[in-house]
Amino acid sequence: MPVTRNQWKQLYAAFDPSRRLEATDTDLFVVRPGAVAREIADDLQLETTGKWVVCGSMGSGKSSELAHLGGLLERDYAVIGLDLPNTVASIDRIQPAEVLFLIGLAAIRAARDLWDHKIGDNVAEQLLTALRPLLDRAPHEKTKFELQPSDLLQGVALFAANLAAPGQAAAAGAAGAGARALGSVLKNKLPLHRPTPLSGITRPVHDGEPDLVRLQEAVDRVLDEVAAVRTPIVLVDGLDKIQDLASIRRMFSTSRILSLPRKPVVYTGPITLMLATEWQAAGGQFQRKRLTNVVTRRPELGGVELSEGKIAAGRAALHQVIEKRLALEDLSVAEVFEGDCVGALIETSGGLLRDLIHLVNRTVRLAFADNAPHATPALVEAAISELRKEYEITMNGRRREELAYVRAHGEPSGKSDVSPELLLGGYILPYSNGRIWFEPHPILRDGAARA
């Protein structure tokens, strides 16, 4: 039967590349090869105060993996999910001390909204008091000191908001209602609040500085109050979206601030942490987990041993990602796509989940515009061409030279003016078969070959 126009509309929404899977979306989640959530859950049996950073390409599925981890841990932990991009005005300007403060603030809001557990007023006031000496007093001192506690608290965005409330049944019922309400807002992307102004308004601080110690103590006190209900674990999403290298290093390499809370914390981090020097620098503070992209084809790089079984497993997982979303409209792959359209989409995505969803979304939009009964190879190729143009419009000689180097050597050249920006932008993708290698995004393979 042909796909109806209304079904195309519904599928367009189902394949929204901007939407992260929440913990409510268990029916859509696919455990992919190289997943790290289960590893971290196992680590927590021993690392009861540990700190983890999950790094990989932007769009590789780190946020969904973090929400899935929250689901794995909900029976044993009070899970505090801090959605930084929706909490601050600019993720690139955020300071480590601000992340630390927001962890405490997220714990207060999660306790109130999800678990019906009020953090003591004196504890909340200690947290806010600890922030004030860290505020950058120039040039707008008055404005910055007029931050209202209620505004700050309402500005905190939570994810994994449907997680069951820990503790007694009465508390669980109240928390469940709050979680469903909050989860509904998040799932429909309705504005819940205005983000906090906490992105670059604190002064630089150094490890061991008394004002920083007071902030750490205040955050730990909040988390201790949550522990009265159940042991808290904090999941912080969004630091992987930082594009500024100095900010990335300040977060993960040159400062210990993110490792200060006494309770376990898991962060998402940017792909540049996969580079050898950055990886080693972060190793003193974090248990590091690489979320590499799903392998969908045999590598062009010589010397990389890869079984056909691993390639097949990767393609099967991505095929399942598409199947699950089609099933929302009671449709199958065969009913929507002609021939091996899905195979072409999977291979072109390079195993980057965001781009796979993006490509299907574009194919659906084109099919709707053509009033097509099915997605044809021509429509898939047109969708691929659209996305390729978005990548190619930013290409120049330096970038093409870097892509050619990566294709030949399986790693970035290390040139500070081009390697990081191509990694952060998803032009270069990491893979693993026990060791890490890099390839140009398949959508740019022709461009790399011409370089």
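Residues numbered from 1 in each chain as written. Predicted model: local features only at pLDDT ≥ 70, side-chain atom pairs only at ≥ 80, totals over all residues. Heavy atoms only, no water.

Peer 1: Looking at this structure, how should I read the overall build of the protein chain?
Peer 2: For the protein chain, the helix and strand inventory stands at 19 helices and 7 strands. Pairs at least 24 apart in sequence give 78% of the contacts found in the protein chain among residues at least 6 apart. For the protein chain, the accessible area works out to roughly 18,700 Å², and carbon and sulfur atoms hold 51% of it. (Helix = DSSP H or I, 4+ residues; strand = E, 2+ residues; numbered from the N terminus. Contact = heavy atoms within 4.5 Å. Areas by Shrake-Rupley, 256 points an atom, 1.4 Å probe, with all protein chains shown as cover.)

Peer 1: Just to check I follow, could you spell out the packing of aromatic side chains for this structure?
Peer 2: Ring pairs (aromatic) are described by centroid distance and by the angle formed between their planes. The tally for this structure, following the rule as stated, stands at 4 aromatic pairs. Both rings, one in Y391 and one in Y427, keep their centres 5.2 Å apart while their planes meet at 85 degrees; by these two values the pair is edge-to-face. Here Y391, found in helix α16 (residues 377-392), pairs with Y427, found in the loop between α18 (419-424) and β6 (428-432); they are 36 residues apart in sequence, far enough to count as distant. As far as burial versus exposure is concerned, Y391 and Y427 are alike and both buried. Through successive ring pairs, a cluster of aromatic residues spans F252, Y267 and F286. (Phe/Tyr/Trp six-rings, centres within 6.5 Å; stacked < 30°, edge-to-face > 60°. Buried < 20%, exposed > 50% of the residue type's maximum accessible area, 1.4 Å probe, protein only.)

Peer 1: Looking at this structure, how should I read the nonpolar core?
Peer 2: As a rule of thumb, soluble globular proteins bury nonpolar side chains together. By size, the foremost hydrophobic cluster in this structure holds 119 residues, and its most contacted members are V99, F101, L102, L239, F252, Y267 and F337. At 12 residues, the largest contribution of residues to this core is made by helix α4 (residues 96-113). Ignoring anything within four residues of it in the chain, the contact list for F101 reads L127, L128, L131, L152, L198, L215 and V219. Residues L66, L73, F159 and I233 belong to the second largest nonpolar core, which totals 18 residues. (Core = buried A, V, L, I, M, F, W, Y, C linked by side-chain atoms within 4.5 Å.)

Peer 1: Explain the packing of helix α12 (residues 308-326) against helix α14 (residues 341-349) to me, please; I cannot follow it from the model alone.
Peer 2: Packed helices, taken two at a time, are described by their axes: the angle between them and the distance between them. At a closest axis distance of 10 Å, the pairing of α12 and α14 adopts a crossing angle of 115 degrees. For the pair α12 and α14, the crossing hand works out as right-handed. Residue-level contacts link R315, L318, H319 and I322 of α12 to V342, G343, I346, E347 and S349 of α14. Residues of the contact of α12 with α14, tallied by class, amount to 4 nonpolar, 3 polar and 2 charged. (Axes fitted to C-alpha atoms, helices over the stretch in contact; angles between N-to-C directions. Left-handed = near helix turned anticlockwise from the far one by under 90°. Nonpolar A, V, L, I, M, F, W, Y, C, P; charged D, E, K, R; others polar.)

Peer 1: I tried to follow the pairing of strand β3 (residues 232-237) on my own but got confused; where do I start?
Peer 2: Regular strands have side chains that alternate between both faces of the sheet. Most of β3 sits inside the fold, with 6 of its 6 residues counted as buried. Side chains P232, V234 and V236 project from β3 onto one buried face, and the interleaved I233, L235 and D237 project onto a second face that is buried too. Where strand β2 (residues 78-83) and β3 come together, 6 bridges link them in parallel fashion. Note on β3: the bridge partner recorded for I80 is V234. Here 3 bridges tie β3 to strand β4 (residues 265-269), and the two strands are oriented parallel to one another. Counted as the bridge partner of V236 is Y267 from β4. You can see the chain leave β3, run along helix α10 (residues 245-252) and come back into β4, and the turn it takes is right-handed. (Pairing = 2+ DSSP bridges. Right-handed = clockwise from strand over helix to strand, strands pointing away.)

Peer 1: Would you mind showing me how to read α10 here?
Peer 2: Structural remark: α-helix, 3.6 residues per turn; residues separated by three or four positions point the same way. Listed in full, the buried residues belonging to α10 are S247, I248, M251 and F252. The buried residues of α10 all sit within an arc of 110 degrees when viewed along its axis, so they share a single face. (Arc of directions from axis to C-beta.)

Peer 1: So what exactly am I meant to see when it comes to unusual backbone geometry here?
Peer 2: Most peptide bonds are trans, and most residues other than glycine sit at a negative phi. Notably, D116 is not glycine yet its phi reads approximately 55 degrees, a positive angle. Along the chain, D116 falls in the loop between α4 and α5 (121-131). Judged by its relative accessible area of 56%, D116 is exposed.

Peer 1: Mind showing me how you'd approach the environment of A107 here?
Peer 2: Within the element layout of this structure, A107 appears in helix α4. Among the residues examined, A107 registers a relative accessible area of 0% and is labelled buried. A sequence separation of 118 residues divides A107 from E225, and the C-alpha atoms of the two residues are 9.3 Å apart.

Peer 1: How do you make sense of the pairing of strand β1 (residues 51-55) when you look at a structure like this?
Peer 2: Counting buried residues along β1, 5 of its 5 residues qualify, which places the element largely inside the surrounding structure. Residue alternation in β1 divides its side chains into two sets, K51, V53 and C55 and W52 and V54, and both sets are buried. Alignment of β1 against β4, held across 5 bridges, turns out to be parallel. Looking across to β4, one finds that W52 is bridged to V266. In this sheet, strand β5 (residues 287-290) lies alongside β1 in parallel orientation, the contact comprising 4 bridges. Each residue of the ladder has a partner; that of V54, found in β5, is K289.

Peer 1: What's the story with α14 in this structure? I'm lost.
Peer 2: Of all the 9 residues making up α14, 7 are buried; the element is thus mostly covered by neighbouring parts of the structure. What α14 keeps buried is the set C341, V342, G343, L345, I346, T348 and S349. Summarising the contacts, the buried residues of α14 are in contact with α12, α13 (333-336), α15 (353-369), α16 and β6.

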